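Architecture at a glance
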Amino acid sequence: MEKIIDHSPLLNLLWARQDAKGFISDQDIHDIAEHMDLSFIEVEGVCTFYHFFHRRPAGKFIVYLNNSILSDFSGYAAVRKALETATGAPWNGVDRKGLFGLFDTSCIGLSDQEPAALINFRPFVKLTPEKVQQLVNALRNGVPVDQLADHIENPVRYVPPDGKAVVFREMVPGRALQKLTQMTPEEVIAEVKSSNLRGMGGAFFPVGEKWELCRKQPKTPRYVVCNADEGEPGTFKDRVLMTKLPELLIEGMILGGYAIGANQGIIYLRAEYRYLLPRLEGALDRYRQMGWLGKDIPARKHFDFDIRIQLGAGAYVCGEETALLDSLMGKRGEPWPKVYFPVERGYLGLPTIVNNVESFATAARVIELGAEAFRRLGTPGSPGTRLLSVAGDCSYPGVYEIEWGMSVGELLDLTGAQDPLYLQISGPSGIGISAADRHRRFSFEDLRCGGSVMIFNHKRDLLKILVNFTEFFKEESCGVCTPCRAGNFILSRKLELLSRGLGRGADLEEIRQWGNLMTTASRCGLGKGASNALINAMDKFPVYFQKLVHSKGREKGFDLDSALGDYREAVGIK
Amino acid sequence: MKEKVVSFTIDGKKYQAPEGQSLIKAAEGNGISIPSLCYYEHIDPPLGTCRVCMVKSDGRSFAACTLKVREGMSVEFNTPELNDARKAMVEMLFAEGNHFCPACEKSGDCDLQGLGYRLGVTISRFPHLFLDRVIDYRPKRIVVDHNRCILCRRCVEEVKAEGQYPVFSFLNRGSGTVVQIDYEQEAKLSDNEAMRAMHLCPVGAILVRGKSRPRPRGERKYDLQDAGGDVEQAPIKHSVSVGKNKKVIATTSLAGCFGCHMSLLDIDEELVEIIELVEFNKSPLTDIKTFSKRCDVGIIEGGCCNDENVEVLRAFRANCDVLVAIGECAIWGGLPAMRNVVSLEECLNEAYGHATSDVEEGKVIPHHEDLPELLDRIYGCNEVVEIDYYIPGCPPDASHLWKVLKNIILGTGYSVIKSEFKYD
Ligand SMILES: Cc1cc2nc3c(=O)[nH]c(=O)nc-3n(C[C@H](O)[C@H](O)[C@H](O)COP(=O)(O)O)c2cc1C
Ligand code: SF4
Ligand code: SF4
Ligand code: SF4
Ligand code: FES
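Residues numbered from 1 in each chain as written. Chains lettered and ligands numbered in written order. Predicted model: local features only at pLDDT ≥ 70, side-chain atom pairs only at ≥ 80, totals over all residues. Heavy atoms only, no water.

Take the overall build of chain A next. Within chain A, the secondary structure is distributed over 24 helices and 15 strands. Taking 574 residues into account, the globule formula puts the C-alpha radius of gyration at 25 Å, and chain A, at 24 Å, falls close to it. With the principal axes as the frame, chain A shows a C-alpha extent of 85 × 60 × 55 Å. The buried share of chain A, reckoned over its 574 residues, is 63%. Sequence separation of at least 24 residues holds for 72% of the intrachain contacts in chain A that already meet a minimum separation of 6. A total of about 21000 Å² of accessible surface is found on chain A, and carbon and sulfur atoms cover 50% of it. (Helix = DSSP H or I, 4+ residues; strand = E, 2+ residues; numbered from the N terminus. Rg over C-alpha atoms; globule rule 2.2 N^0.38 Å. Buried < 20%, exposed > 50% of the residue type's maximum accessible area, 1.4 Å probe, protein only. Contact = heavy atoms within 4.5 Å. Areas by Shrake-Rupley, 256 points an atom, 1.4 Å probe, with all protein chains shown as cover.)

This is the structure:
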């Protein structure tokens, strides 16, 4: 049987060094390795997996500009240039004085307010070149980052009418938990099961069933883990939920812990949301004071349960539940070969439930409102409501709590979408649909939305969107399996060919075949889903793709002049 | 404890194996060999990194090494889709790394190569990435050649120094993932442990100084003719129409060394038979410089390193019905493509600048209107024109060459045996 390796403190130790001086030196790695009795290379392996850990000085002010497609379409290029000019630092580098470091990062969950950046993990939104110049000046003049950081708006644009909202309704702390005093764990599980609530993190696994599977495991202790990694570009509903109703998440986790018989809950919070820490910690403290967290919880005798927060360090793949568990254990966030499931062997090899923020929050409402009331909402396959993060070419970006079953057309009308052409559902790993598919419905039966809707209008270049997605996967693949690590790179080369106008019809066919191979052979959802958007777009917009390619007999698209460019430059031929 | 035996099916046939055994092992126990690369029997949970062992069960795809046999399990293995997927993974690994087999110590004993032979990989369908990878000479005993590492993870899991400290780890993430050796721990390895590391690496990425000389041809693991029987061959699609006239063949050597042409002449008495069937047009063999008629078959040696190569190749495509790329250089660049991982400027500076220090005024890079101009990198022929057949080898085996040619000319079938199918 496998040996469980627990290096849980490692991420926090690395964070301490990173925070103290802006990078992690060889000496730091040495010290940490010594302290934890690991080899240097193990610590370096973990350190270099996460892109917020730097091995070289990264500046006193570390700027991460979101490079998602929504940021791109909102002015990324101009903001990037302004940052370079104002700071004098090169991209992916630091200025001479070591003051500013400028870096790209994948979506930071502020798609409703792009272009957005983090400076020392404080949020800055709706950036413009002018705003950048002012910010940099202020920072140079010693104004603290905290003081300059933007106050983030968390707009909830829509809730179902007639009191049908599930998540965004009145919150009375303790109301759901009060029910625990009359319910056994089995009854909690039965209630959640009968609600037919499905996981909101993307895989749609029934929540009650997962809890039951975990409870049935003989081994103890068991763990409750909340997946607050929200890395799928375009998704920010968990940010809004955790800001507005952290109590609901906490109550859901307590319910989960009670149901499966756990004593410890862990929120795995993406580092991009570090600014939410005080809020979440504050809420946890309130629950401790209320007697709902801690030892021998007064409100429910003989139940010990507490929650801690673990900060990630920049890696989209850590949203995949098994990678998340490895990350919690202080390892590289590599998804497991699916030999065991977390409910059998999860955190520290012990039975663990991993659920999304919204899943826990909704589960708390299920207990509060009752499964029957919940089931009356939504569709048979997906009862209740769903939070959608809506962003892109529309007037009202923000979170929409829709009743499952709402049509695409209804949503588009609510958002004030202008001249929409293309919608990306569930982020780059999801699927694209034409805005003309107004009749399609968000539901388990039809459009299984993972929580993000990106709207693109007729002016947007589809190929540019797809190139951005492929670059994202190439960057964020954990690198452990061939079809995803190499496949995304290879696809990006192929798309480059198309972008340069050198593609042929056969290239389109190859993209499709290679994408399918990645889906067949990849180890986890990241690689399996990485070519979805691409293949999907080719199905939806064949005319667009045919216009991208040319046919020139049996010659390939080879650009001789460009291939000779380097030589001509070296020998001075014009 | 007695193991429970379960029944399961592969491609509809019933087999038995101990419950919970990995499907790779269970299949092997029943005489079915599922291709694998990263699989290393006693590592549990299995590594599951290379994905060359893909099978299907209940309509979903799984890596056979990570699938445990259960009672009643039904597995699809030998289907066109899965055969292609497994082959594609091998091709992807070739495209991702920089595999110059003729210059590799492990050649002939390499599992990646062996699988390429077994699955009949003549060319990687994927574009070679040509990333600049390091050869790490810093460790005391071991040299790590990152060009050849397939990131199988065996060394990470298996090589431990005294005190159970890992010696290798993955670094970085995504397309930048590499395996890195810990210099301090490596120094603690005994000679035997270092040798074991070299042997567990399925490819030639871990070498031990002074102990990694290639073995002589014929004595290497994958030289043996019976190592898995014939090479799987894709059926020939383009045979030229059979008529009374002699078939017309043209040949050329682009960025090659004429080694492939030597191999063409290497078939001894069969040459006489072939001469009856064909006539040569444009070819270094006839010294005919330009096409004087349409040709049935064009044979290309070497890839494209300059504009003249591109021009000649395009002319071959225009004048020949069927194009055959022979040898590694024509197929994907081969040895000359070693320069592809550095910029042309750096190459030229090295060749004409720093190296020729006696030139007073610094570098003089030759150029003249009569000289061909260099491309930014070496291109395999199929990056410039469509190619119909690929015959691997450096140089290709003579009988392999003629088997394919005769097939194209006469439309007869052919099969290639292991000893005729090589990348070196
Ligand atoms: C590449 C990848 C990224 C993921 N990212 C997230 C994420 O950010 N948040 C999340 O809740 N689930 C994410 N998931 C899904 C989780 O693996 C898991 O299914 C989910 O946390 C289970 O919770 P649920 O059943 O409540 O949805 C991701 C999956 C994959 C394959
Ligand atoms: S599919 Fe991608 S992210 Fe998932 S295990 Fe493979 S390399 Fe890692
Ligand atoms: S012999 Fe193996 S490791 Fe060496 S270059 Fe060839 S494929 Fe790569
Ligand atoms: S060095 Fe060899 S054993 Fe280690 S990961 Fe690379 S290929 Fe595998
Ligand atoms: S042998 Fe199964 S994934 Fe490598």
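The subject of this paragraph is the sheet that holds strand β6 (residues 156-158) of chain A. Residue and element names in this part refer to chain A. Pairing in this open sheet of 6 strands is mixed, and the strands run β6-β12-β11-β15-β13-β14 from one edge to the other. Of all strands in the sheet, those with a lone pairing partner are β6 and β14 (431-434), marking the two edges. Direction aside, the axes of adjacent strands within the sheet are offset by 30° on average. Pairing of strand β13 (residues 420-425) with β14, which is carried by 4 bridges, proceeds in the antiparallel orientation. The residue of β14 that forms the bridge with Ile425 is Ile431. This element, helix α22 (residues 532-540), spans β13 and β14 of the sheet and lies at about 20° to β14. (Pairing = 2+ DSSP bridges. Axes fitted to C-alpha atoms, helices over the stretch in contact; angles between N-to-C directions.)

Here we come to the site of ligand 1. Residue and element names in this part refer to chain A. Taken together, 19 residues surround ligand 1, and among them Gly201, Asn227, Asn355, Asn356 and Ser359 come closest. Separating an oxygen atom of ligand 1 from a backbone N or O atom of Val354 is a distance of 3.5 Å. One of the side-chain N or O atoms of Asn355 is found 2.8 Å from an oxygen atom in ligand 1. For ligand 1, whose accessible area on its own is 610 Å², the fraction buried by protein is 89%. Mapped by element, the contributors of at least two residues to the shell around ligand 1 are β10 (352-356) and α21 (525-529). With 3 residues, β10 is the largest single contributor of residues to the shell around ligand 1. The residue inventory of the shell around ligand 1, partitioned by class, reads 5 nonpolar, 9 polar and 5 charged. (Near = heavy atom within 4 Å. Polar contact = N/O pair within 3.5 Å; in protein donor to acceptor, adjacent residues only side chain to side chain. Nonpolar A, V, L, I, M, F, W, Y, C, P; charged D, E, K, R; others polar.)

Note that soluble globular proteins tend to have their nonpolar side chains buried in a common cluster. Judged by nonpolar contacts, the single largest core of 253 residues is most densely connected at A:Tyr50, A:Trp211, A:Ile254, A:Phe442, B:Leu23 and B:Phe168. What B:Phe168 contacts, discounting residues up to four positions off in sequence, is A:Ile41, B:Val144, B:Cys155, B:Val156, B:Val159, B:Val179, B:Gln180, B:Ile181 and B:Ile206. If you look at the next biggest cluster of nonpolar residues, it comprises 35 residues, including B:Val248, B:Phe316, B:Leu375 and B:Ile387. (Core = buried A, V, L, I, M, F, W, Y, C linked by side-chain atoms within 4.5 Å.)

For the rest of this paragraph, the subject is the domain arrangement of chain A. Under the domain assignment used here, chain A contains domain 1 (10-49), domain 2 (61-148), domain 3 (158-376), domain 4 (386-457) and domain 5 (462-571). The C-alpha centroid of domain 4 of chain A is placed 42 Å from the C-alpha centroid of domain 1 of chain A. (Domains from an automatic or database assignment.)

Now for the side chain of A:Lys494. Residue and element names in this part refer to chain A. By the element assignment, Lys494 lies in helix α19 (residues 482-499). Residue classification places Lys494 among the buried positions, given a relative accessible area of 8%. A distance of 2.5 Å separates the side chain of Lys494 from the side chain of Glu510, its partner in a polar contact. With near-sequence residues (within four places) excluded, Lys494 lies in contact with Asp507, Glu510, Ile511 and Trp514.

Turning our eyes to something else, we now look at the side chain of A:Arg239. Residue and element names in this part refer to chain A. For Arg239, the location among the structural elements is in helix α11 (residues 237-244). Exposure remark for Arg239: the relative accessible area of 0% places this residue in the buried category. With residues up to four places along the chain from it excluded, the contact list for Arg239 reads Gly109, Leu110, Asp112, Gln113, Ile152, Glu153, Asn154, Pro155, Glu230, Tyr273, Tyr275 and Leu276.

A contiguous patch of negative charge on the surface is contributed by A:Asp566, A:Glu569, B:Asp132, B:Glu345, B:Glu346 and B:Glu350. Secondary structure elements with two or more residues in the negative patch: α24 (560-571) of chain A together with α11 (344-354) of chain B. A total of 3 residues in the negative patch trace back to one element, the largest contributor, which is α11(B). Mapped onto the elements of the fold, A:Asp566 is located in helix α24. (Patch = residues over 30% accessible without salt bridge, like charges linked within 9 Å, V, L, I, M, F, W, Y side chains within 5 Å. Salt bridge = Lys/Arg side-chain N within 4 Å of Asp/Glu carboxyl O. Lys, Arg positive; Asp, Glu negative; His and termini not counted. Charge placed at Lys NZ, Arg CZ, Asp CG, Glu CD.)

Let's shift gears to the packing of α19(A) against helix α2 (residues 80-96) of chain B. It is at 10 Å that the axes of α19(A) and α2(B) come closest, and there the two elements cross at 60°. By the criterion of interaxial angle, the relationship of α19(A) to α2(B) is oblique. By crossing handedness, the relation of α19(A) to α2(B) is classed as left-handed. Here A:Thr482, A:Pro483, A:Arg485, A:Ala486, A:Gly487 and A:Ile490 of α19(A) come into contact with α2(B), specifically with B:Met89, B:Met92, B:Leu93, B:Ala95 and B:Glu96. For the contact of α19(A) with α2(B), a count of residues per class yields 7 nonpolar, 2 polar and 2 charged. (Parallel < 35°, antiparallel > 145°, perpendicular 65-115°, else oblique. Left-handed = near helix turned anticlockwise from the far one by under 90°.)

For the rest of this paragraph, the subject is the sheet that holds strand β8 (residues 262-269) of chain A. All names here are of chain A. The parallel open sheet is built from 4 strands, whose spatial order is β9-β8-β7-β10. Every other strand in the sheet has two partners, leaving β9 (306-311) and β10 as the edge strands with one partner each. In this sheet, adjacent strand axes meet at a mean angle of 20° when their direction is disregarded. Strand direction decides the pairing type here: strand β7 (residues 222-228) and β8, joined by 7 bridges, are parallel. Its bridge partner being in β8, Val225 is matched across the sheet by Ile266. Its contacts with the sheet place helix α12 (residues 246-260) against β7, β8, β9 and β10, and it is angled at close to 155° to β7.

We now examine the interface of chain B and chain A. With 70 residues of chain B at the contact, the number on the chain A side is 61 residues. For the pair chain B and chain A, the two sides together bury roughly 5600 Å², of which 58% comes from carbon and sulfur. Taken together, the links from chain B to chain A amount to 8 salt bridges. The salt bridge involving A:Arg554 is made with B:Glu386; its shortest N-O contact spans 2.9 Å. At the junction of chain B with chain A, the criterion picks out 34 residue pairs in polar contact (both at pLDDT 80 or more). Elements that contribute at least two residues to the side of chain B that touches chain A include exactly α2, β9 (165-166), β10 (168-171), β11 (178-181), α5 (183-188), α9 (307-319), α11 and β18 (374-379) of chain B. Of the residues forming the side of chain B that touches chain A, the biggest block, 9 residues, is contributed by α2(B). Here the residues of the side of chain B that touches chain A sort into 35 nonpolar, 15 polar and 20 charged. (Buried area = accessible area lost by both parts, 1.4 Å probe.)

It is worth spelling out the domain arrangement of chain B at this point. All names here are of chain B. Each domain of chain B was delimited in the assignment, giving domain 1 (5-78), domain 2 (94-224) and domain 3 (247-420). The C-alpha centroid of domain 3 is placed 30 Å from the C-alpha centroid of domain 2. Counting residues at the interface gives 15 residues for domain 2 and 16 residues for domain 3. Across the interface of domain 2 and domain 3, roughly 1400 Å² is buried in total on both sides, 75% from carbon and sulfur atoms. The largest contributions to the domain 2 side of the interface with domain 3 come from Phe100, Ile123 and Phe130, which together make up 42% of the buried area. One can count 0 salt bridges joining domain 2 with domain 3.

Attention shifts here to helix α14 (residues 321-328) of chain A. Residues and elements named next belong to chain A. Most of α14 sits out of view: 7 of its 8 residues are buried. Here α14 has its buried residues at Thr322, Ala323, Leu324, Leu325, Asp326, Ser327 and Leu328. Close packing links the buried residues of α14 with α1 (10-21), β7, β8, β9 and β10. Phi for Gly330, located one or two positions after α14, is positive at around 75°.

Ring pairs (aromatic) are described by centroid distance and by the angle formed between their planes. Residue and element names in this part refer to chain A. A complete count under the given rule lists 32 aromatic pairs over all chains for this structure. For the ring pair Trp15 and Phe53, a centre distance of 5.2 Å and an interplane angle of 70° mean the geometry is edge-to-face. Here Trp15 is found in helix α1, whereas its partner Phe53 is found in the loop between α3 (40-47) and β1 (61-66), with 38 residues between them in sequence. A connected cluster of aromatic rings, assembled from ring pairs, spans Trp15, Phe49, Tyr50, Phe52, Phe53, Tyr64, Phe103 and Phe121. Above the ring of Tyr273, the side-chain terminus of Arg270 is found at 5.2 Å from the ring centroid. The ring of Tyr340 is capped by Arg345, whose NZ or CZ atom sits 3.7 Å from the centre of that ring. (Phe/Tyr/Trp six-rings, centres within 6.5 Å; stacked < 30°, edge-to-face > 60°. Lys NZ or Arg CZ within 6 Å of the ring centre and 35° of its normal.)

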